[in-house]
Amino acid sequence: MRWTLVSLLLLSPFALNGGVIEVTLKLPLKPKLAITGAEKIGVAPFIVVAEDGDTRRDRSAKVDLQTEFSRFLRKQLAKETKLKVENVEAGRPPTSDFKELSANRDHWRDLARRSGSDYIVSGVIDFHIEDKAGYRTEEYVSPIDGRTYFRQVLIESTGFVFDIVFAVFDGETGEKLMEENFRDFKEFDQRNYDEILGLFENLRSLESQLLGLFVARETSATRYLFTN
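My aim in this report is to walk through the structure given alongside it, one point at a time. Keep in mind the model is a prediction, meaning the values are calculated, not measured. (Residues numbered from 1 in each chain as written. Predicted model: local features only at pLDDT ≥ 70, side-chain atom pairs only at ≥ 80, totals over all residues. Heavy atoms only, no water.)

So, helix α2 (residues 65–80)
Owing to its 3.6 residues per turn, the α-helix aligns residues three or four sequence positions apart on the same side.
Okay, step 1: Here α2 contains 16 residues, and its C-alpha end-to-end distance of 22 Å stays within 8% of the 22 Å for a straight helix at 1.5 Å per residue.
Okay, step 2: When we look at burial in α2, the residues that qualify are L65, E68, F69, S70, F72, L73, Q76 and L77.
Okay, step 3: The elements touched by buried residues of α2 are β3 (40–43), β4 (47–48), β5 (84–87), β6 (119–141), β7 (148–170) and α5 (195–211). (Helix = DSSP H or I, 4+ residues; strand = E, 2+ residues; numbered from the N terminus. Expected span 1.5 Å × (residues − 1). Buried < 20%, exposed > 50% of the residue type's maximum accessible area, 1.4 Å probe, protein only. Contact = heavy atoms within 4.5 Å.)

As for the nonpolar core
Okay, step 1: Counting 34 residues, the largest nonpolar core has F69, F162, F166 and F214 as its most contacted members.
Okay, step 2: Counting residues per element, the ones that place at least two in this core are β3, α2, β6, β7, β8 (176–188) and α5.
Okay, step 3: In terms of nonpolar packing, the next biggest core, distinct from the first, is built from twelve residues, A44, V88, L101 and L111 among them. (Core = buried A, V, L, I, M, F, W, Y, C linked by side-chain atoms within 4.5 Å.)

Here's the deal with α5
Okay, step 1: The terminal C-alpha atoms of α5 lie 24 Å apart, and with 17 residues this matches the ideal 24 Å at 1.5 Å per residue to within 8%.
Okay, step 2: Taken as a whole, α5 carries its principal kink of about 40° at S205.
Okay, step 3: Of all the residues in α5, the buried ones are E195, G198, L199, N202, L203, L206, L210 and L211.
Okay, step 4: Sitting at the head of α5, D194 places a side-chain oxygen 3.0 Å from the backbone nitrogen of I196. (Bend = angle between axes of the 7 residues up to and from the residue. Polar contact = N/O pair within 3.5 Å; in protein donor to acceptor, adjacent residues only side chain to side chain.)

Focus on the environment of T24
Okay, step 1: Topologically, T24 is positioned in strand β2 (residues 20–29).
Okay, step 2: For the pair T24 and Y224, spaced 200 residues apart in sequence, the C-alpha to C-alpha distance is 8.8 Å.

Some words on the pairing of β6
Okay, step 1: Where β3 lies against β6, three bridges are found, and the strand directions are parallel. Across the sheet, I41 pairs through a bridge with Y119, a residue of β6.
Okay, step 2: In terms of strand pairing, β4 meets β6 through two bridges, oriented parallel. Opposite I47, over in β6, you have V124 as the bridge partner. (Pairing = 2+ DSSP bridges.)

Comments concerning the pattern of salt bridges
Okay, step 1: In the structure shown here, the tally under the stated rule is eleven salt bridges.
Okay, step 2: The partner of E138 in a salt bridge is R151, and the shortest N-O contact between them spans 3.4 Å. In this pair, E138 is assigned in strand β6 and R151 in strand β7, connecting sequence segments 13 residues apart.
Okay, step 3: Under the relative-accessibility criterion, R151 is labelled partly exposed at 39%.
Okay, step 4: As a salt-bridge pair, K186 and D184 come within 3.0 Å of each other at their nearest N and O atoms.
Okay, step 5: By sharing partners, the salt bridges in this structure join D110, R113 and R114 into a single network. (Salt bridge = Lys/Arg side-chain N within 4 Å of Asp/Glu carboxyl O.)

Brief notes about the packing of aromatic side chains
Okay, step 1: Counted by the stated rule, this structure contains eleven aromatic pairs.
Okay, step 2: Ring centres of W108 and F169 lie 3.9 Å apart, and the angle between their planes is 10°; this geometry places the pair in the stacked category. With W108 in helix α4 (residues 105–115) and F169 in strand β7, the pair connects residues that are 61 residues apart, well separated along the chain.
Okay, step 3: Judged by its relative accessible area of 1%, W108 is buried.
Okay, step 4: On the basis of relative accessible area, F169 is assigned to the buried category, the value being 0%.
Okay, step 5: Relative to F214, the ring of F166 has its centre 6.1 Å away and its plane inclined at 80°; by these criteria the two rings are edge-to-face. Here F166 is found in strand β7, whereas its partner F214 is found in the loop between α5 and β9 (217–226), with 48 residues between them in sequence.
Okay, step 6: Cluster of aromatic residues (ring-pair linked, three or more members): F46, F69, F162, F166 and F214. (Phe/Tyr/Trp six-rings, centres within 6.5 Å; stacked < 30°, edge-to-face > 60°.)

So, in structure tokens, the structure goes:
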């Protein structure tokens, strides 16, 4: 990616030993989807992965994942882009196999026609929670005799995993234009950490990547310039 003189002038470099200057560059990232930014995007239901094929069995079952993710995505697109965002009402898809569904152009054309959307987004989402508890051996210095002992300490944590396959379909042709996979893991030193809070920690981490499909974003990169 090309550096511009303007970019370098806006930086705050500091000199290192040996005639080396470290600079932090703000680099533009083009959106992965070639759009003007004023199109209408229809957010269709996502396929929710279930552990046993029918239901989710951990605490994630308390979360209406379909509703929460759709609301989050529509809110972020409406706030951060000029796209017209539409919630696409759809019945049961013809198949729960997303590979087969992706190839069903008639399905995506029909959703686009009924919602008046230029593009349809959909995919597969998975969210599960890992509550953990165990003992860890650690050193302990007695305040009485000053000797070092070992004791067992109970360690509790909660891990949240959010995995998404995100696809965009052309509303006119039904063709799949792109498919991206994003995954995030968060762990907290607390057992039974709230499942909704955990989900939104995952989503906030993935927000920039999701928006980067539709709008230009910035990223930072450190470079070193050698001087005489």
